[in-house]
Number of protein chains: 2
Amino acid sequence: MDKPGIPRPTLSRLPLYHRFLAQVSEAGRAVVSSEEMGRALNLPAAQIRKDLSCLAEFGRPGVGYEVAELLANLEEFLGLANDKEAVVVGAGRLGQALASYPGFAAYGLRIVALFDVDPAKIGLEVAERPVFALEKLADLVGRLHIQMGIITVPAAAAQAVADAMVAAGITVIWNFAPARVGVPAGIWLESEDLASHLATLSYHIKRRGRKA
Amino acid sequence: MDKPGIPRPTLSRLPLYHRFLAQVSEAGRAVVSSEEMGRALNLPAAQIRKDLSCLAEFGRPGVGYEVAELLANLEEFLGLANDKEAVVVGAGRLGQALASYPGFAAYGLRIVALFDVDPAKIGLEVAERPVFALEKLADLVGRLHIQMGIITVPAAAAQAVADAMVAAGITVIWNFAPARVGVPAGIWLESEDLASHLATLSYHIKRRGRKA
DNA sequence: TAGATTGTTAATCGATTAACAATC
DNA sequence: TAGATTGTTAATCGATTAACAATC
């Protein structure tokens, strides 16, 4: 269930194309070539053509891609127009920042509630979303058929939260905790893992040597 | 200057090994095998051995890896023990969340100041760090030899901020803005791009079909 | 038509995995 | 020694890139 046919690297580039096309569309352009997209996104034109051919054949040889058509198809393919509802578990600073971020709406994502175990946080409102006790997770997820769970708890609690999400019926998890979490087959997990990225950056700072 | 010899996928896994070894060390274990690490991290043992052999030869055939030694070497290799100083540009919710996150200290990262263009934010304190006017960026970065810049501004401002960071002498940039930014050769850029990950998650929600 | 650009095939590249001799 | 596990070589896999016939 994990191999959908579309290669992961390709899938991860589609949002870039979508974003670029939205800008180009905004600017009133009707047609773009893979060459031009490549220059703007710093990717080889051949890769872009290959990626786009995973969806369908859109382009017209000798002309390029029709912006509106390609944009609409990417939006459809990625499911961006569909309404998606998510809960955030962990109402700390990061959880609050995500719950308050207005940009998610453009992707069809609505965060409907936060959960926490801290009695001081339960009952609060964050950007007009309620903060509930973690025990209420299964009930709310089940009643509202929530599809996505966002984990913003400390590392030590991450696995237990993921397990609770899966048990509640969530099938897509976005994990921000600095911990490796395991999920059963059939559950899609994407981890941000800032700590790992930070370690990578640390390596590159070391390689640069100290400026001075 | 971008190809250091170590493959990017390998580099991105090293922090996982480091984290696992820190846990194992905490638990008092003296030796681990690649097999055991692989089970814990859900990676093939052969891949772990290959990755680790990029650093040096640590393991003892028939025995395994000495936890303390490997941990120390990873820490050294990734430069985690070195002090690193960063500035955050964009003192919104995400910028504040990052500036307040206590976990970065374990990676040697200290955020020394935030910057913003909003007069209402300039002069505030976030987790005991000052918020300065963006114009002051070059001065502070130059005087303190800041190595890392963290971008948490809206997409439209990201490129200008990156340019200002580079001009100020920053060589490693961690970008959280949902925009592709370009940097000159010699500058290391790592982008979180939550929006792209969200688009990927959206695709998988669509594929699951609505639960109901 | 001539010029441009696609979609796709084939060649290249690099990473993952399996297997095993070397070593403790 | 016998059993275990490494480091590395070779085989496999999959993605990127280059080239080009097909098409507008």
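In what follows, the accompanying structure is described. Position numbers for residues count from 1 along each chain, tracking the sequence in the order it is written. Naming scheme: in the order in which they are written, chains are lettered from A and ligands are numbered from 1. The model is predicted, so local features are restricted to residues of pLDDT at least 70 and side-chain atom pairs to those at 80 or more, both for listing and for counting; the totals for chains, interfaces and linings are taken over all residues. Think of the side-chain values as coming from all heavy atoms in the structure, minus any hydrogens and water.

### Quick word on the packing of aromatic side chains
Inclusion rule: Two rings from Phe, Tyr or Trp (for Trp, the six-membered ring) form a pair when their centres sit within 6.5 Å of each other. Planes less than 30 degrees apart are called stacked, planes more than 60 degrees apart edge-to-face, and all others tilted. Segments assigned H or I by DSSP are reported as helices when at least four residues long, segments assigned E as strands when at least two residues long, and all are numbered from the N terminus. Classification of residues uses two cut-offs on accessible area relative to the type maximum, computed with a 1.4 Å probe and protein chains only: under 20% is buried, over 50% is exposed, and between them is partly exposed. Only when the NZ of Lys or the CZ of Arg is both within 6 Å of the ring centre and within 35 degrees of the ring normal is a charge said to sit over the ring.
Here the structure, examined in full by the defined rule, presents 10 aromatic pairs over all chains. Judged by centre distance (5.0 Å) and plane angle (25 degrees), the rings of A:Tyr203 and B:Phe77 are stacked. Here A:Tyr203 is found in helix α8 (residues 194-208), whereas its partner B:Phe77 is found in helix α4 (residues 67-78) on a different chain. Summarising the burial analysis for this pair, A:Tyr203 and B:Phe77 share the class buried. Ring plane angle 55 degrees and centroid distance 5.1 Å describe the contact between B:Trp174 and B:Phe176, whose orientation is recorded as tilted. Its relative accessible area of 7% is what places B:Phe176 among the buried residues. Through pairs of rings, three or more aromatic residues link up here, namely A:Tyr101, A:Phe104, A:Trp174 and A:Phe176. The ring of B:Phe77 carries the charged tip of A:Lys206 above its face, separated from the ring centre by 5.1 Å.

### Describing the pairing of strand β7 (residues 148-151) of chain A
As a reminder of what qualifies: A crossover gets the label right-handed when its path from the first strand over the helix to the second runs clockwise, viewed with the strands pointing away from the viewer.
Burial along β7(A) is two-sided: A:Met148 and A:Ile150 facing one way and A:Gly149 and A:Ile151 facing the other are all buried. Handedness of the crossover joining β7(A) and strand β8 (residues 172-175) of chain A through helix α7 (residues 155-168) of chain A is recorded here as right-handed.

### A look at the protein's contact with DNA strand D
What counts is decided by this rule: The nearness test applies per residue and asks whether one of its heavy atoms lies within 4 Å of the molecule or strand. Each polar contact in these results corresponds to two N or O atoms within 3.5 Å; when the atoms are within protein, one needs to be able to donate a hydrogen and the other to accept it, and residues that are neighboring in sequence are counted only if both atoms are side-chain atoms. All residues other than Ala, Val, Leu, Ile, Met, Phe, Trp, Tyr, Cys, Pro, Asp, Glu, Lys and Arg, Gly among them, are scored as polar; the first ten of these are nonpolar and the last four charged.
Near DNA strand D, the surroundings consist of 25 residues, among which A:Arg13, A:Pro44, B:Ser34, B:Gly59 and B:Tyr65 are the closest. Take the atoms of DNA strand D that sit within 4 Å of the protein: sugar and phosphate atoms are 66% of them. Measuring from a base nitrogen of DNA strand D, one finds a side-chain N or O atom of B:Arg49 at 3.0 Å. Note that a phosphate oxygen of DNA strand D is positioned 2.8 Å from one of the backbone N or O atoms of B:Gly59. Those elements that provide at least two residues to the surface near DNA strand D are α1 (8-26) and α3 (45-52) of chain A together with α3 (45-52) of chain B. The leading source of residues in the surface near DNA strand D is α3(A), at four residues. For the surface near DNA strand D, the class distribution of residues is nine nonpolar, eight polar and eight charged.

### So, the sheet that holds strand β3 (residues 84-89) of chain A
Operational definition: When DSSP locates at least two bridges between a pair of strands, those strands are taken to pair. We call two residues contacting when some pair of their heavy atoms lies within 4.5 Å. Angles run from 0 to 180 degrees between N-to-C directions of axes, and those axes are lines fitted to C-alpha atoms, restricted for helices to the stretch in contact.
Spatial strand order, β5-β6-β4-β3-β7-β8-β9 (chain A): seven strands in an open sheet with mixed pairing. Because the sheet does not close on itself, it has two edges, and the strands there are β5 (125-126) and β9 (188-191) of chain A. In this sheet, strand β4 (residues 109-116) of chain A lies alongside β3(A) in parallel orientation, the contact comprising six bridges. Counted as the bridge partner of A:Lys84 is A:Leu109 from β4(A). Here helix α8 (residues 194-208) of chain B sits on the sheet in contact with β3, β4, β7, β8 and β9 of chain A, set at roughly 165 degrees to β8(A).

### Overview of empty space enclosed by the protein
Heads up, the rule is: For cavity detection a 1 Å grid was placed over the protein atoms alone, and a set of points counts as a cavity when a 1.4 Å probe fits there but cannot get out; an open set counts as a pocket when protein lies on both sides within 12 Å along at least five of seven lines, with lining residues being those that have an atom within 4 Å of a point. Grid points are joined across faces, edges and corners, and a volume is the space filled by probe spheres set on the points.
What the rule picks out here adds up to one cavity of 30 Å³ or more. By volume, the largest cavity is sized at about 40 Å³. In terms of lining residues, the largest cavity is bounded by A:Leu94, A:Leu98, A:Phe176, A:Glu192, A:Leu194, B:Leu94, B:Phe176 and B:Leu194. The residue makeup of the lining of the largest cavity, split by class, is seven nonpolar, no polar and one charged.

### So, the packing of helix α1 (residues 8-26) of chain B against α4(B)
Residue and element names in this part refer to chain B. Counted only if it meets this: The cut-offs work like this: below 35 degrees is roughly parallel, past 145 is roughly antiparallel, 65 to 115 is roughly perpendicular, and the gaps in between are oblique. Two helices that cross are described as forming a left-handed crossing if the nearer one is turned anticlockwise from the farther one by less than a right angle, and a right-handed crossing if clockwise.
Put simply, α1 and α4 touch, their axes get as near as 9 Å, and they point 140 degrees apart. On the basis of their axis angle, the class for α1 and α4 is oblique. As for how α1 packs across α4, the hand of that crossing is left-handed. Between α1 and α4, the residues in contact are Leu11, Leu14, Pro15, Tyr17, His18, Leu21, Ala22, Val24 and Ser25 and Val67, Leu70, Leu71, Leu74, Glu75, Phe77 and Leu78, respectively. Across the contact of α1 with α4, the residue classes break down as 13 nonpolar, two polar and one charged.

### Observations concerning the pairing of strand β6 (residues 129-133) of chain B
For a regular strand, side chains alternate in direction, first toward one face of the sheet and then toward the other. Residues and elements named next belong to chain B. Note: strand β4 (residues 109-116) against β6, three bridges, orientation parallel. Across the sheet, the residue bridging to Leu114 is Val131, located in β6. Here strand β5 (residues 125-126) runs beside β6; their pairing, made up of two bridges, is antiparallel. By the bridge assignment, Val126 is partnered in β6 with Arg129.

### Thoughts on the protein's contact with DNA strand C
In the vicinity of DNA strand C, 25 residues are found, and the nearest of them are A:Ser34, A:Gly59, A:Tyr65, B:Arg13 and B:Pro44. Counted by atom, the contact set of DNA strand C within 4 Å of the protein is 67% sugar and phosphate. Here a sugar or linking oxygen of DNA strand C sits 3.3 Å away from a polar atom, N or O, in the side chain of A:Glu57. Separating a phosphate oxygen of DNA strand C from a backbone N or O atom of A:Phe58 is a distance of 3.1 Å. When residues of the surface near DNA strand C are traced back to their parent elements, those giving at least two are α3 of chain A together with α1 and α3 of chain B. In terms of residue count, α3(B) provides more of the surface near DNA strand C than any other element does, four residues in total.

### Details of the relation of the copies chain B and chain A
Test applied: To line up the copies, we fit them by least squares on C-alpha atoms, keeping just the residues with pLDDT of at least 70 in both.
Mapping chain B onto chain A is achieved by rotating through 180 degrees and translating by 0.0 Å along the same axis, at an RMSD of 0.0 Å. Here the copies are linked by what is in effect a two-fold axis. In this assembly, 100% of the residues forming the interface of chain B have copies in chain A that are likewise at the interface, indicating an isologous arrangement.

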